[in-house]
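Notes for the structure review
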Number of protein chains: 2
Amino acid sequence: MPMQDMHHVHHECGDCPIRHRAVCARCEADELARLEQIKYYRSFQAGQTVIWSGDRMDFVASVVTGIATLTQTLEDGRRQMVGLLLPSDFVGRPGRATAAYDVTATTDLVMCCFRKKPFEDMMITTPHVAQRLLEMTLDELDAAREWMLLLGRKTAREKIASLLGIIARRDATLKLKAPKGAVTFDLPLTREEMADYLGLTLETVSRQMSALKRDGVILLEGKRHVTIPDFDRLMEEAGDDSDGGMLG
Amino acid sequence: MPMQDMHHVHHECGDCPIRHRAVCARCEADELARLEQIKYYRSFQAGQTVIWSGDRMDFVASVVTGIATLTQTLEDGRRQMVGLLLPSDFVGRPGRATAAYDVTATTDLVMCCFRKKPFEDMMITTPHVAQRLLEMTLDELDAAREWMLLLGRKTAREKIASLLGIIARRDATLKLKAPKGAVTFDLPLTREEMADYLGLTLETVSRQMSALKRDGVILLEGKRHVTIPDFDRLMEEAGDDSDGGMLG
DNA sequence: CGAAGGCTTTGATGTAAATCAAGATCAGGA
DNA sequence: TCCTGATCTTGATTTACATCAAAGCCTTCG
C-alpha cells in the first residue's frame, strides 16, 4: 500500500494546535477525492460570498488556501460569526441539501470542492473517509465549545486577547514554529469581522486593541500588523483556564 | 439481516427537532455495543458529578435517561455550560485519554458506558458506527453554532425565550407531539444552571422569567412548572432568524 | 493632485445586565 | 411544629459595553 504510506508521510507535515488537526491541505483534498472527476477547484476574491444560508449546496469542500468565515444573521441584522475556516478545514454537510450558514471569503480563497452525491457514496464505500471526517468534526466541536466560553463569560479585553492568541498560534503553526517569546503576524480580519467573531461592536474592538497597545501587551504597526512581545503575558490577559488536564 | 431491519424499525420511533436526531436511547446503545461485555450501565443522582475536566476517562457513553451538562470553568470561577446531554446523546471522544469538560447530572441519570479501547476497535471494524457518530457530531456542531449566536448576539429576554423554546420542543418530542398552541413542562434546570447555559447571572434569569410571566408569554406555577400559551409568540420573543432556507 | 469612500480611532452619552443586598418561598429534618 | 439551608425573587446601585457622532487615515480613481 504505497498510496497509504504516502498519505501518512504527508500528514506528518504538522499538527495545528488551534484545531488539533493536520494542516496539509492538498494532501487532505487528494485523500478525500481519489476519483479525479468528482473534484474541482474554485477561487474567490477577498470579500466575496461563497454561498448564502439557505442556498442549494450540491457540493462539500475544503479550504486549500486563504480564510473563509461562517456567519449567522438575525432578522434585524445582528451577525455572529460561528466558524473560521483555515486551510484544510471542511465545509458542507453530507446529507443536507442547503447551506446552513453564510460562507464568505475574508481573504483571497481557493476551495477544493467535491460533488455531493459521489462524495456521499464514497463515505459509504470508504470507511476511512467517515472516520477522518469524524475526527475533524470533533475538533471543530471542541473549538466551538471553547468559543462558547469566550462568548458567554469573557470580558471584551479577554476576548480580544483570546482571538489574538488563536490567530498567533495558527500563524506560528503554518510557519512551523512554536509561539513563544515574540510573535508577529498580520490580522486576517477587519475590526468588524473581529467584532462578529467576538460578539462585540467594532468600536469596542478598536478601543480594546488600543488599550492592549497602550499597556504594552501588543505592538501595532498600521492597523493590521501585530507584534506580541510576550506570548505568556497575552495568554494571561486571555484569562484562560490553564489547569485543564493537570488536576485529576 | 433481521438484526439490521430491527435496527431501522427502532429508529423510526421519533426524530428530535432540537438536535435532529433519533432519540431511541436503548436502541442507540445496543446498536453501538453489539458485544455485551464491553458495555455497562451507571446511575447518578441529580447534582452528582459524572467526571471532572482533566480526569482520566477510559470510557465513552451515551445518555439513557435523565439530563447531564457539560461545563467549562475559568480560573476565577466563571462557568459556561457548553453542552446539554439528553437521552441518546453521546459523550466522550475516541482517541482522547482525559475529559475535556466537567460532566454533571442535573437530574437522576443513567448512562450506558463502553470501555474505550474495544469501542475504538469497533469504530475501525464497523464502518457504520463511525458514520452514525459523525452524523450525531454534526448535529451537535449545528446546535453549538446556534448556541454561539445566542451567546454572542441575543438579549437576556431573547436568551430566556430561546431556552424555553428549546426545552419545550425537546419535551414535546419526547411526548411525540408538535409544540403548537399551549405547551406545558417542568424546567429541568435551576435558575443558576439556566444562567450558566445562557451566559447570564441567575438574578437576570429570574428577572426575565418574571418579565415574560408579567407579559403573558409564559405562565409559572411554582418555580419550575411552565406553561406556554402561544408557542409562536414565544418564538417571536426568541428573535430567531426565521427566513433560513426561503430566500435563495 | 485632490476628492471619495472604506476602515479605524476616539469621545460623549445611554443602557442592559452585573453586582450588592435583603427578603421570600419551599423542602426536609430534628 | 419550627428550624435550617437551598433556591428564588426583587430592589438599589454600578459598570462594561453599546450607541451615537465626529474626525483621522489610507487607498484608489478620476
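Read on for a plain summary of the structure. (Residues numbered from 1 in each chain as written. Chains lettered and ligands numbered in written order. Predicted model: local features only at pLDDT ≥ 70, side-chain atom pairs only at ≥ 80, totals over all residues. Heavy atoms only, no water.)

Some words on the environment of Leu-134 of chain A
Among the structural elements, Leu-134 of chain A can be located in helix H4 (residues 127-153). Each residue touching Leu-134 of chain A, except ones within four places of it in the same chain, is listed here: Met-123, Ala-130, Leu-133, Leu-134 and Thr-137 of chain B. (Helix = DSSP H or I, 4+ residues; strand = E, 2+ residues; numbered from the N terminus. Contact = heavy atoms within 4.5 Å.)

Focus on the sheet that holds strand S3 (residues 39-44) of chain B
Residues and elements named next belong to chain B. Pairing within the open sheet is antiparallel, and its four strands lie in the order S3-S10-S5-S8. One side of each edge strand has no neighbouring strand; the edge strands of this open sheet are S3 and strand S8 (90-91). In this sheet, S8 lies alongside strand S5 (residues 59-65) in antiparallel orientation, the contact comprising two bridges. Residue pairing in the sheet places Ser-62 in a bridge with Phe-90 of S8. (Pairing = 2+ DSSP bridges.)

A short note on the protein's contact with DNA strand D
In the vicinity of DNA strand D, 17 residues are found, and the nearest of them are Ala-156 and Thr-204 of chain A together with Arg-191, Ser-206 and Ser-210 of chain B. Of everything in DNA strand D that lies within 4 Å of the protein, sugar and phosphate atoms constitute 61%. Within the contact set of DNA strand D, a base nitrogen lies 3.2 Å away from a side-chain nitrogen or oxygen of Glu-203 of chain A. With respect to DNA strand D, the side chain of Thr-204 of chain A contributes an N or O atom lying 2.4 Å from a phosphate oxygen. Of all the secondary-structure elements, those providing two or more residues to the surface near DNA strand D are helix H7 (202-214) of chain A together with helix H7 (202-214) of chain B. With five residues, H7 of chain B is the largest single contributor of residues to the surface near DNA strand D. Looking at the surface near DNA strand D residue by residue, the class counts come to three nonpolar, seven polar and seven charged. (Near = heavy atom within 4 Å. Polar contact = N/O pair within 3.5 Å; in protein donor to acceptor, adjacent residues only side chain to side chain. Nonpolar A, V, L, I, M, F, W, Y, C, P; charged D, E, K, R; others polar.)

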